[in-house]
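Structural description and commentary
Here are the chains, one letter per residue:
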Amino acid sequence: TQLLEQSPQFLSIQEGENLTVYCNSSSVFSSLQWYRQEPGEGPVLLVTVVTGGEVKKLKRLTFQFGDARKDSSLHITAAQPGDTGLYLCAGAISGTYKYIFGTGTRLKVLA
Amino acid sequence: NAGVTQTPKFQVLKTGQSMTLQCAQDMNHEYMSWYRQDPGMGLRLIHYSVGAGITDQGEVPNGYNVSRSTTEDFPLRLLSAAPSQTSVYFCASSSEPTGGGNSPLHFGNGTRLTVT
């Protein structure tokens, strides 16, 4: 069974602080996606990273794919209450339609 | 601009009852899938389909059936509900195989199922 471990599981921080969420696996993925999920809704895609070592920025969010394509990180600079939500990473298994989802990081940003 | 539509939003079943969770997408996506989401366990793949008439098992298929008679619809059937099937169920669709890396999953808003 392929696993994607996310850490931390829960994070509560003050507005303006920085944070990093990690997504780790022993498996190699063809690509990795990050999703954010709000209560009562389905996950929504934030970004896809494909190449080992790739870094993508989305405003205050920075995503990195590990060189070996086994891990990824999400860094948020100057967090805002609107960043509150459940963050999920998902690894794509090459040649299939399957994604393995991480266990999730629940972020709460306090005003 | 519907995307992926799931019905019902909430359902309570007694042990042993059967029901069908509906999923429809209007994006002409070939790939559709069902996940269940449980606290601390992320999303786990139940069944998926790569096109009309083609389905396959995911990580946790036991107790669930699927069929894909049209591109648009992908219903999930619970044959004999058990308390262990209490969960939030999400349907998702995508246009391409994952290998390309540019095929995000589009999710519905989920069905919250409780089995007593």
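Look above for the structure.
The paragraphs below set out a description of the structure included in this document. For every chain, the first residue of the written sequence is number 1, and numbering continues from 1 onward in sequence order. Written order determines the labels here, with chains lettered from A and ligands numbered from 1. Local features are withheld for residues below a pLDDT of 70 in this predicted model, meaning they are given only at 70 or higher, and side-chain atom pairs are given and counted only at 80 or more; totals for whole chains, interfaces and linings count all residues. Side-chain metrics rest on all non-hydrogen atoms present in the structure, leaving aside hydrogens and water.

**A short note on the overall build of chain B**
A tally of helices and strands in chain B yields zero helices and 11 strands. Ordered by position from the N terminus, the helices and strands of chain B form the series β-β-β-β-β-β-β-β-β-β-β. For the radius of gyration, the atoms used are the C-alpha atoms, and the globule rule reads 2.2 Å times the number of residues raised to 0.38. Against the compact-globule benchmark of 13 Å for 116 residues, chain B has a radius of gyration of 13 Å, which places it among compact chains. Along the first, second and third principal axes, the C-alpha set of chain B runs to 40 × 30 × 25 Å. Partly exposed residues are those whose accessible area sits between 20% and 50% of the maximum for their type, while under 20% is buried and over 50% is exposed, using a 1.4 Å probe and protein chains only. Sorting the 116 residues of chain B into buried and exposed places 48% on the buried side. It only takes one pair of heavy atoms within 4.5 Å for two residues to be counted as in contact. Restricting the contact set of chain B to residue pairs at least 6 apart, pairs at least 24 apart contribute 54%. In this description, accessible areas are obtained by the Shrake-Rupley approach with a 1.4 Å probe, and a residue is regarded as covered only by the protein chains that are shown. Here chain B has roughly 5200 Å² of accessible surface; of this, 49% comes from carbon and sulfur atoms. When charges are tallied, Lys and Arg are placed among the positive residues and Asp and Glu among the negative ones, while His and the ends of the chain are skipped. Where a charge sits is defined by one atom per residue type, namely NZ (Lys), CZ (Arg), CG (Asp) or CD (Glu). Both charge centroids of chain B, one from 7 positive and one from 8 negative side chains, sit 14 Å from each other. Helix and strand assignments follow DSSP, with helices taken as H or I runs no shorter than four residues and strands as E runs no shorter than two, numbered in order from the N terminus.

**Quick notes on the nonpolar core**
Side-chain atoms within 4.5 Å link the members of a nonpolar core, which is a set of buried Ala, Val, Leu, Ile, Met, Phe, Trp, Tyr and Cys residues. Counting 23 residues, the largest nonpolar core has Leu19, Leu32, Trp34, Phe63, Leu74, Ile76 and Leu107 of chain A as the members making the most contacts within it. When sequence neighbours within four positions are dropped, the list of residues in contact with Leu19 of chain A reads Leu11, Ile13, Leu74, His75, Ile76, Ala79 and Leu107 of chain A.

**What about the side chain of Thr105 of chain A?**
Residue and element names in this part refer to chain A. Summarising the element assignment, Thr105 is placed in strand S11 (residues 105-110). A distance of 3.3 Å separates the side chain of Thr105 from the side chain of Gln6, its partner in a polar contact. Those residues within four positions of Thr105 in sequence are excluded, and the remaining contacts are Gln6, Ser7, Pro8, Gln9, Val21, Gly85, Leu86 and Tyr87. Polar contacts, as used here, are pairs of N or O atoms within 3.5 Å; protein pairs need one atom able to donate a hydrogen and one able to accept it. Residues neighboring in sequence count only if both atoms are side-chain atoms.

**Some thoughts on the interface of chain A and chain B**
The interface is formed by 27 residues belonging to chain A together with 24 residues belonging to chain B. Of the roughly 2000 Å² buried where chain A meets chain B, counting both sides, 59% is carbon and sulfur surface. By buried area we mean how much accessible surface two parts lose on assembly, using a 1.4 Å probe and totalling the loss over both. Contact with chain B buries area across many residues of chain A, yet Tyr97, Tyr99 and Phe101 of chain A alone supply 36% of it, more than any other trio. One speaks of a salt bridge when a side-chain nitrogen belonging to Lys or Arg is within 4 Å of a carboxyl oxygen belonging to Asp or Glu. Inspection of the chain A/chain B interface yields zero salt bridges. Linking chain A with chain B are four residue pairs in polar contact (both at pLDDT 80 or more). Only strand S4 (31-37), strand S5 (44-49), strand S9 (85-92) and strand S10 (99-101) of chain A provide two or more residues apiece to the side of chain A that touches chain B. In terms of residue count, the dominant contributor to the side of chain A that touches chain B is S4 of chain A (four residues).

**Notes on the sheet that holds strand S1 (residues 5-7) of chain A**
Residue and element names in this part refer to chain A. Between any two strands, pairing holds if DSSP finds at least two bridges. The five strands are arranged S1-S3-S8-S7-S6 in an open sheet whose pairing can be described as antiparallel. Edge positions in the sheet fall to S1 and strand S6 (55-58), since each has one partner strand and no second. Neighbouring strand axes in the sheet, compared pairwise and without regard to direction, differ in orientation by 15° on average. Here six bridges tie strand S3 (residues 19-24) to strand S8 (residues 71-76), and the two strands are oriented antiparallel to one another. Counted as the bridge partner of Cys23 is Ser72 from S8. For helices, the axis comes from a line fit to the C-alpha atoms of the stretch in contact; other axes are also lines fit to C-alpha atoms, and the angle between any two N-to-C directions lies between 0 and 180 degrees.

**Here's the deal with the sheet that holds strand S3 (residues 19-25) of chain B**
Residues and elements named next belong to chain B. A sheet is described by the order of its strands in space; here four strands give the open sequence S1-S3-S8-S7, paired in antiparallel fashion. Strand pairing shows two members of the sheet lacking a second neighbour, strand S1 (4-7) and strand S7 (64-66), which therefore form its edges. In this sheet, neighbouring strand axes are inclined to one another by 20° on average, regardless of whether the strands run parallel or antiparallel. Pairing of S3 with strand S8 (residues 76-78) involves three bridges; the strand directions are antiparallel. The partner of Leu21 across the bridge, within S8, is Leu76.

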